[in-house]
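Summary of structural features
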Amino acid sequence: MLVKEILNSNRPSLSLEFFPPKTKAGFDKLFQIISNLMQLKPSYASVTYGAGGSTRDDTANLVVQIQKDMGLTVVSHLTCVGSTRDELMSILEKAAEGNIENILALRGDIPEGETVWKQIENGFDYAVDFVSFIKKNYPHICIGVAGFPEGHPLTPNRLKEIEYLKAKVDAGADYIVTQLFLDNRNFYDFCERCELAGIHVPVIAGVMPITTRKGMIRMAELAEGACFPACLLRSVARAENDEYFEEVGIHWAAEQLLNLVNNDVHGIHLYTLNRSRAILQIFKSLGIRDATQF
Ligand SMILES: Cc1cc2nc3c(=O)[nH]c(=O)nc-3n(C[C@H](O)[C@H](O)[C@H](O)COP(=O)(O)OP(=O)(O)OC[C@H]3O[C@@H](n4cnc5c(N)ncnc54)[C@H](O)[C@@H]3O)c2cc1C
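The following paragraphs examine the structure supplied in this document. Only a predicted model underlies this, so the values are computations on that prediction, with no experimental measurement involved. (Residues numbered from 1 in each chain as written. Predicted model: local features only at pLDDT ≥ 70, side-chain atom pairs only at ≥ 80, totals over all residues.)

Points about the overall build of the protein
Within the protein one finds eleven helices and eight strands. Projected onto its principal axes, the C-alpha coordinates of the protein cover approximately 55 × 45 × 45 Å. Here the protein holds 294 residues, and the buried ones make up 40% of them. Within the protein, counting contacts between residues at least 6 apart in sequence, those at least 24 apart form 82% of the total. (Helix = DSSP H or I, 4+ residues; strand = E, 2+ residues; numbered from the N terminus. Buried ≥ 20, exposed ≤ 12 C-beta atoms within 10 Å, placed from the backbone. Contact = placed C-beta atoms within 7 Å.)

So this is what it looks like as structure tokens:
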């Protein structure tokens with residue numbers, strides 16, 4: 001099923017993001033986690049693509065396997081950095097063979113260990129060109145793109161940033177999924193700025209529960225520019241041990257979800273980090289059995 005059809009529903013969607021494990025044992029474990037999370041009746045899932053295409057085959061295999069085994073619609077993330085048009089075409093051909101009809105079209109980050117941006121001859125500099133490329137060659141594919149409510153580090157000019165986002169939508173993107181944010185007010189402001197700029201596709205809210213101190217530090221590194229509200233920092237500082245820390249993170253994410261659902265968000269995208277415990281706890285603490293009760 002196409003994600004844009006799922007997003008036509010009059011209740012918020014729930015999508016769960018996973019990343020491809022490195023080992024066969026990791027794959028088996030992930031399938032147990034996904035089976036466990038199926039009780040939440042997610043609307044669809046998505047699978048990340050390693051920086052610079054480092055998980056190319058693993059991503060494709062995982063997407064196809066989840067679709068087949070779980071009967072769940074899956075979005076395949078795909079980045080264009082470091083690949084030529086021909087390489088991207090062959091990845092898209094394989095995706096079509098695997099019945100993958102939903103793609104999150106991204107530029108991608110500079111791979112870990114590299115410091116400079118390498119321009120690829122006959123490649124794309126920005127996601128917008130990749131979106132046009134997919135739309136031209138695979139018009140039936142449903143395309144999602146990334147949005148950054150708290151700004152993308154490479155574009156400090158926030159007016160330009162929304163212009164660039166609009167260009168991705170005008171090029172054919174069907175919806176936007178946001179980077180994680182911890183303050184819903186920034187998300188609502190972003191949605192309003194999109195509307196004012198003439199962006200009318202659904203905007204899906206990216207939420208990630210903080211469950212460990214180390215995870216919070218990693219989150220700040222990965223989601224550069226993400227704002228950590230003082231109120232949250234005060235709460236985590238009060239947590240006496242790891243268990244309490246996790247409770248604070250789950251409580252915060254649950255409050256975010258409740259507020260988003262009450263404000264008629266189009267959809268919620270949960271960054272699961274391939275774990276189920278915190279995600280299940282969020283729903284439990286809200287007294288919600290599954291996403292059909294949103
Ligand atoms: C929901 C989500 C999922 C993600 N999944 C993955 C993943 O699976 N794998 C992965 O490697 N990364 C992933 N990322 C990270 C993403 O690849 C990086 O954040 C990347 O730096 C930005 O990607 P983009 O698609 O938004 O790029 P773009 O839209 O190309 O934007 C990149 C930067 O260039 C600027 N820009 C755009 N157009 C122009 C222009 N014409 N002139 C000048 N500047 C311009 C933008 O404002 C922005 O600062 C994900 C991010 C999100 C939010």
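Some points on the site of the ligand
Close to the ligand lie 23 residues; Thr48, His77, Arg107, Ala127 and Thr155 are nearest. Residue assignment for the shell around the ligand shows that the elements contributing at least two residues are strand E3 (74-79), strand E4 (102-106), helix H5 (127-137), helix H6 (158-170) and strand E6 (175-180). In the shell around the ligand, the residues fall into eleven nonpolar, eight polar and four charged. (Near = placed C-beta within 6 Å. Nonpolar A, V, L, I, M, F, W, Y, C, P; charged D, E, K, R; others polar.)

Looking at the packing of H5 against H6
Viewed as axis vectors pointing N to C, H5 and H6 meet at an angle of 10°, and their least axial separation amounts to 8 Å. Classified by the interaxial angle, the pair formed by H5 and H6 is roughly parallel. For the pair H5 and H6, the contacting residues are Ala127, Val128 and Val131 in the first and Tyr164, Ala167 and Lys168 in the second. Classifying every residue of the contact of H5 with H6 gives five nonpolar, no polar and one charged. (Axes fitted to C-alpha atoms, helices over the stretch in contact; angles between N-to-C directions. Parallel < 35°, antiparallel > 145°, perpendicular 65-115°, else oblique.)

Observations regarding the nonpolar core
Counting 78 residues, the largest nonpolar core has Ala105, Val131 and Ile143 as its most contacted members. Ranked by residues supplied to this core, first place goes to helix H10 (residues 242-262) with six residues. If we ignore the near neighbours within four places in the chain, the residues touching alanine 105 are Leu78, Ala127, Phe130, Val131, Ile134, Ile143 and Val145. (Core = buried A, V, L, I, M, F, W, Y, C linked by C-beta atoms within 7 Å.)

Things to note about the sheet that holds E6
Spatially, E1-E2-E3-E4-E5-E6-E7-E8 is the arrangement adopted by the eight strands of the closed barrel, whose pairing is parallel. On average, each strand axis in the sheet is inclined to that of its neighbour by 25°, with strand direction left out of account. Here strand E2 (residues 44-47) pairs with E3 via three bridges, running parallel. Bridged to alanine 45 within E3 is valine 74. Strands in contact with H5 are E4 and strand E5 (142-147); relative to E4, the strand with the most contacts, it is inclined by about 150°. (Pairing = 2+ DSSP bridges.)

Regarding the packing of H10 against helix H11 (residues 277-286)
Here H10 crosses H11 at 60°, and the two axes come no closer than 9 Å. Taken together, the axes of H10 and H11 are oblique relative to one another. Considering how the two elements wind past one another, H10 and H11 form a crossing that is right-handed. Touching Glu246, Gly249, Ile250, His251, Ala253, Ala254, Leu257 and Leu258 of H10 are Ala278, Gln281, Ile282, Ser285 and Leu286, all from H11. When grouped by side-chain class, the residues that make up the contact of H10 with H11 number eight nonpolar, four polar and one charged. (Left-handed = near helix turned anticlockwise from the far one by under 90°.)

Digging into the environment of tyrosine 164
Tracing the chain through its elements places tyrosine 164 in helix H6. With 15 C-beta atoms counted inside 10 Å, the residue tyrosine 164 sits in the partly exposed group. For the pair tyrosine 164 and glycine 147, spaced 17 residues apart in sequence, the C-alpha separation works out to 10.0 Å.

Structural notes on unusual backbone geometry
We note that asparagine 99 has phi near 60°; this positive angle belongs to a residue other than glycine. One non-glycine residue with positive phi stands out, namely asparagine 274, at about 60°. Looking at where asparagine 274 falls in the secondary structure, it is placed in the loop between strand E8 (267-271) and H11. The partly exposed category is assigned to asparagine 274, around which 16 C-beta atoms lie within 10 Å.

Digging into the pairing of strand E7 (residues 203-207)
Among the five residues in E7, five count as buried, and that is most of the element. The two faces of E7 match: Val203, Ala205 and Val207 on one face and Ile204 and Gly206 on the other face are all buried. Both E6 and E7 contribute to a ladder of three bridges, which runs parallel. Each bridged residue has a counterpart across the sheet, and for isoleucine 176 the counterpart in E7 is valine 203. One crossover worth recording links E6 to the parallel E7 by way of helix H7 (residues 184-196), and it is right-handed. Pairing of E7 with E8 involves four bridges; the strand directions are parallel. The residue bridging glycine 206 from the neighbouring strand is histidine 269, located in E8. (Right-handed = clockwise from strand over helix to strand, strands pointing away.)

A short note on helix H4 (residues 85-97)
In a regular helix each residue adds 1.5 Å, so 13 residues correspond to 18 Å; H4 covers 18 Å between its end C-alpha atoms and thus fits that length. Along H4, the residues that are buried comprise Leu88, Ile91 and Ala95. Taken end-on, H4 shows its buried residues confined to a sector of 60°, consistent with a single buried face. Among the exposed residues of H4, those pointing more than 90 degrees away from its buried face are Asp86, Ser90, Glu93 and Glu97. Against the buried residues of H4 lie helix H3 (56-70), E3 and H5. Phi for asparagine 99, located one or two positions after H4, is positive at around 60°. (Expected span 1.5 Å × (residues − 1). Arc of directions from axis to C-beta.)

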